[in-house]
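Observations on the model geometry
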Amino acid sequence: MMRYLINSKVLTALVLATGAIEIIANVQAPTLAAKVSREVPPSAVSRQLPTYIAQTSTTNSIDAVEKAVHNQVNQYRASKGLPPLTVLARMSEQARIHSQNMASGKVPFGHQGFAGRVTAVAIAYSSAAENVAYNQGYSEEATVAVQGWIKSTGHRQNMEGNFNLTGIGVATNSKGQYYFTQIFIRSR
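Conventions used here
Residues numbered from 1 in each chain as written. Predicted model: local features only at pLDDT ≥ 70, side-chain atom pairs only at ≥ 80, totals over all residues. Heavy atoms only, no water. Pairing = 2+ DSSP bridges. Helix = DSSP H or I, 4+ residues; strand = E, 2+ residues; numbered from the N terminus. Contact = heavy atoms within 4.5 Å. Axes fitted to C-alpha atoms, helices over the stretch in contact; angles between N-to-C directions. Phe/Tyr/Trp six-rings, centres within 6.5 Å; stacked < 30°, edge-to-face > 60°. Buried < 20%, exposed > 50% of the residue type's maximum accessible area, 1.4 Å probe, protein only. Parallel < 35°, antiparallel > 145°, perpendicular 65-115°, else oblique. Left-handed = near helix turned anticlockwise from the far one by under 90°. Nonpolar A, V, L, I, M, F, W, Y, C, P; charged D, E, K, R; others polar. Core = buried A, V, L, I, M, F, W, Y, C linked by side-chain atoms within 4.5 Å. Arc of directions from axis to C-beta.

**Remarks on the sheet that holds strand 4 (residues 86-87)**
- Pairing in this open sheet of four strands is mixed, and the strands run 4-6-7-5 from one edge to the other. Whereas interior strands pair on both sides, the edge strands pair on one side only; in this sheet they are strand 4 and strand 5 (125-136).
- Of the strand pairs in this sheet, strand 5 and strand 7 (residues 177-187) are connected by 11 bridges, and their pairing is antiparallel. Bridge pairing in strand 7 links Asn131 to Gln182.
- Across the face of the sheet, helix 3 (residues 89-104) comes into contact with strand 4, strand 5, strand 6 (165-172) and strand 7 while running at roughly 30° to strand 6.
- Helix 4 (residues 114-121) rests against strand 5 and strand 7 of the sheet, and its axis sits at about 120° to strand 5.

**Quick word on the packing of aromatic side chains**
- Taken as a whole and assessed by the stated rule, the structure comprises five aromatic pairs.
- Following the ring pairs from residue to residue traces out a cluster consisting of Phe109, Tyr134 and Tyr179.

**Considerations on the pairing of strand 7**
- The buried count for strand 7 comes to nine of 11 residues, which makes it a mostly enclosed element.
- Bridge count for strand 6 against strand 7 is eight bridges, and the pairing is antiparallel. From the neighbouring strand, Ala171 faces strand 7, where its bridge partner is Tyr179.
- Connecting strand 6 to the antiparallel partner strand 7 that follows it, the hairpin turn spans four residues, and Gly176 within it adopts a positive phi of roughly 80°.

**Some words on the packing of helix 3 against helix 4**
- At a closest axis distance of 9 Å, the pairing of helix 3 and helix 4 adopts a crossing angle of 150°. The angle between helix 3 and helix 4 places the two elements in the roughly antiparallel class. Here helix 3 runs over helix 4; the crossing is right-handed. Residues Arg90, Met91, Gln94 and His98 of helix 3 form the contact with helix 4, whose participating residues are Arg117, Ala120 and Val121.
- Counted by class, the contact of helix 3 with helix 4 contains three nonpolar, two polar and two charged residues.

**What about the nonpolar core?**
- Of all hydrophobic cores here, the largest spans 20 residues; its most connected members are Val69, Val146, Trp149, Met159, Val170 and Phe180.
- Going through the elements one at a time, helix 2 (49-79), strand 5, helix 5 (141-151), strand 6 and strand 7 are the ones with two or more residues in this core.
- If sequence neighbours within four positions are ignored, Met159 has contacts with Val73, Tyr76, Arg77, Asn131, Val146, Trp149, Ile150 and Phe184.
- Judged by nonpolar contacts, the second largest core, of seven residues, contains Met91, Ala95, Val121 and Leu165.

**Looking at helix 4**
- Every buried residue of helix 4 is listed here: Arg117, Val118 and Val121. Take helix 4 and look down its axis: the buried residues cluster within an arc of 95°, on one side only. Among the exposed residues of helix 4, those pointing more than 90 degrees away from its buried face are Ala115 and Thr119.
- Of the surrounding secondary structure, the elements contacted by the buried residues of helix 4 are helix 3, strand 5 and strand 7.
- A positive backbone phi angle near 55° is found at Ala122, which sits one or two residues after helix 4.

So yeah, pure geometry; function would need other evidence.
In structure tokens:
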């Protein structure tokens, strides 16, 4: 639990297991505020603090969404008698960059640059594939993306393919839109 003094209000924040930050108290209490202001260094009390909290929460929730995609895809594969995919960090980095580029509008939604992403992973492979998704306004973003892939023949074939490695990247933009990229590779 952490306490912050902002504009004479004491905010008590709890970092949840998911990484999200929940404000559990927001009170105006001069006595408590004076105590907290002695405990919290002045550099930590600034107008930038709410932005920092929001960025931390978003970063952690993105990590959770990426892990949820991985878990759900592996659960689906297990239901089909297929082995789980292992996440390779450098593949996830490439997937994340592509999702960020789509979210920012730098590249259109789709598979533009796929060959370059696979090459950048720098691993010997016999086959590779990619799924992308986009959604907005759902509380279970990962589930919506994975269920959409399962309902699509081409995406489902990628999920069921003879792959052993994966990379997953998720990004959001200021409109609250989620962009997903999952790369699949069969290493040699």
